[in-house]
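Structure assessment
In case you want the letters, here they are:
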Amino acid sequence: MDRSQQLRALPGIDRLLARCADLIAAHGRATVTDALRAAVDDARTAVLDGAPVPTPDDVIAAAAAHIDRRRPPRLQPVINATGVIVHTNLGRAPLADAARAAVLDATGYCDLEYDLASGRRGSRVGRLEPLLCDATGAPAALAVNNAAAALVLALAALAGGREVIVSRGELIEIGGSFRLPDIMGASGARLIEVGTTNRTRAGDYVAGDDPGAILTLHPSNYRIVGFVAQPTLTELAGIAARRGVPLIFDAGSGLLRPAGGALADEPAVSTALDDGADIVLCSGDKLLGGPQAGLLFGRRALIERCRRHPLARALRLDKLRIAALQATLELHLRDARHEVPVWAMLSADREALGRRVDRLVAMLTERGVPAEVVTVDGVPGGGAAPDATLPGPAARIVTDHPDALATRLRSERPPIVVRVADGTLVVDLRTVESSEDEEIVARLAAGHQDRHPDTQP
Ligand SMILES: *Cc1c(COP(=O)(O)O)cnc(C)c1O
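Residues numbered from 1 in each chain as written. Predicted model: local features only at pLDDT ≥ 70, side-chain atom pairs only at ≥ 80, totals over all residues. Heavy atoms only, no water.

1. Considerations on the overall build of the protein
A count of helices and strands for the protein gives 18 helices and 17 strands. Along the first, second and third principal axes, the C-alpha atoms of the protein reach 90 × 55 × 55 Å. Within the span of the protein, comprising 457 residues, buried residues form 48% of the whole. A fraction of 74% describes how many contacts in the protein between residues 6 or more apart in sequence connect residues 24 or more apart. On the protein, roughly 21900 Å² of surface is accessible, and the fraction owed to carbon and sulfur atoms is 51%. (Helix = DSSP H or I, 4+ residues; strand = E, 2+ residues; numbered from the N terminus. Buried < 20%, exposed > 50% of the residue type's maximum accessible area, 1.4 Å probe, protein only. Contact = heavy atoms within 4.5 Å. Areas by Shrake-Rupley, 256 points an atom, 1.4 Å probe, with all protein chains shown as cover.)

Right, here's the structure in full:
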């Protein structure tokens, strides 16, 4: 066959489509047609380069691979064995069972903005505000898309077009491209930087001639140590009052009331309000342990201005997250925080964790996987309490190929994400459901026999 005969021998799209019933059922006719065209084009180029004419099955396989490359896999559950509790890359806070059930209830029609008693329109915000206020002592509250949105809304509503005074020590970047100066720009407020990176004094906040607000932020994910100074919230509240502007405090992590232990240094919303902040902002999916959300707490007139700002409509929560947040807040209010996974993991009993780790190591050893108990520093994560550590037992897997093993654990279903540091692979059960321990053992043991005979004792 010469080249032109070969090209004519390439299978036609209609003939190929007739053999693709399964692919069409999975991805739709248009997608499969496009993929087949791309595969035939590739085959034509290859034939012109001297390659043999592919069979129809070859072309269909190439089309299927093309679709796989273009279709990102669905979100899938992951076993988090890193010990990082609020792991931003793994979806931050895992929801409580009650919150998951509430989400499911809200997936169909629900009374989101409907008053069942009167048959009239009801209030979407009214469902959350009393809970948010009771949980913190705030006079008024509002929930929006995330903490970044809460900040944009507060700045736009309370200081749009005017100056917002911020310490140079707090011009922060938080993971995922949250850069304070950029957020500020998006809100229409003008940034007035005061003080220096390490020291800002109360007197520095007299800068600016058209102030709309004073903003202070909790340095969630870093600490400036050494020769440092920053006025307290109470001092800033005094200055803001004298200048006749609100003090906005971005608390970050979403601790509603003060806690001890690893969170002793985290600012609580209730304390910040008592200290004189006019508006306090935080995330819903860090220490609060709920869905992604941004919460605003504070004086009624100010919250009302935020609520009436046009951006509030653009940043509002959908029914699924309202359901999850409501259920999570109810747990906090019922003193059932141990049912909120983030809190259960933060306060995991060291002895109980130790027994699980001992059992894991024993099961692994029995199945020929060398492992030992080590002490690790778990971390709250999510930019909360950067100094805090949660020392506890974990299992170190003895292997010469920690990265290869970690890659394999991620590539199978369900993916297991472990911690690899300094050439060692650690499985930290603090962030693992106890019902998943056996799965971890099975997966480590299976791969160990197949692929790491060199590391067997
Ligand atoms: C995490 C954090 C944010 C961003 O929160 P999102 O809910 O992810 O938008 C903002 N400010 C502070 C201080 C934070 O810690």
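Picking up after the structure, the text goes on.
2. Examining the packing of helix α8 (residues 147–159) against helix α12 (residues 300–308)
Geometrically, a packed helix pair is captured by the angle between its two axes and the distance between the axes. Axis separation between α8 and α12 bottoms out at 9 Å; the angle between their running directions is 105°. Considering the angle they form, α8 stands roughly perpendicular to α12. Residues L153, A154, A157 and L158 of α8 touch α12, and the partners they reach there are L302, R305 and C306. Grouping the constituent residues of the contact of α8 with α12 by class yields six nonpolar, no polar and one charged. (Axes fitted to C-alpha atoms, helices over the stretch in contact; angles between N-to-C directions. Parallel < 35°, antiparallel > 145°, perpendicular 65-115°, else oblique. Nonpolar A, V, L, I, M, F, W, Y, C, P; charged D, E, K, R; others polar.)

3. Comments concerning the sheet that holds strand β11 (residues 247–252)
Strand order in the open sheet formed by seven strands is β5-β13-β12-β11-β10-β6-β9, and the pairing between neighbours is mixed. Each of the sheet's edge strands pairs with one partner strand only, and the pair in question is β5 (140–144) and β9 (190–194). In this sheet, neighbouring strand axes are inclined to one another by 25° on average, regardless of whether the strands run parallel or antiparallel. Pairing analysis gives five bridges linking β5 to strand β13 (residues 294–298), with the strands arranged antiparallel. For L142, the partnering residue across the bridge sits in β13 and is L296. Running over the sheet, helix α7 (residues 129–136) touches β5 and β13 and is turned about 120° from β5. (Pairing = 2+ DSSP bridges.)

4. Some remarks on the pairing of strand β6 (residues 163–167)
Within β6, five of the five residues are buried, which leaves it mostly tucked inside the rest of the structure. By the alternation rule, side chains of β6 split into E163, I165 and S167 and V164 and V166, which are all buried. With five bridges connecting them, β6 and β9 associate as parallel partners. Opposite I165, over in β9, you have I192 as the bridge partner. The pairing of β6 with strand β10 (residues 211–217) spans three bridges and is parallel. Bridge assignment links I165 to a residue of β10, and that residue is I214.

5. Thoughts on the sheet that holds strand β14 (residues 371–381)
Pairing is mixed across the open sheet formed by six strands, whose spatial order is β1-β16-β17-β15-β14-β2. Looking at which strands have only one partner, the edges of the open sheet turn out to be β1 (79–81) and β2 (84–86). Neighbour to neighbour, the strand axes of the sheet diverge by 40° on average, direction disregarded. In this structure, strand β15 (residues 390–397) lies alongside strand β17 (residues 424–427), joined through three bridges in antiparallel fashion. What sits directly across from I397, in β17, is L425. Strands β14, β15 and β17 of the sheet are contacted by helix α16 (residues 350–366), whose axis makes an angle of about 5° with β15. Relative to strand β16 (residues 416–421), helix α17 (residues 402–411) is tilted by about 165°, and along the sheet it contacts β15, β16 and β17.

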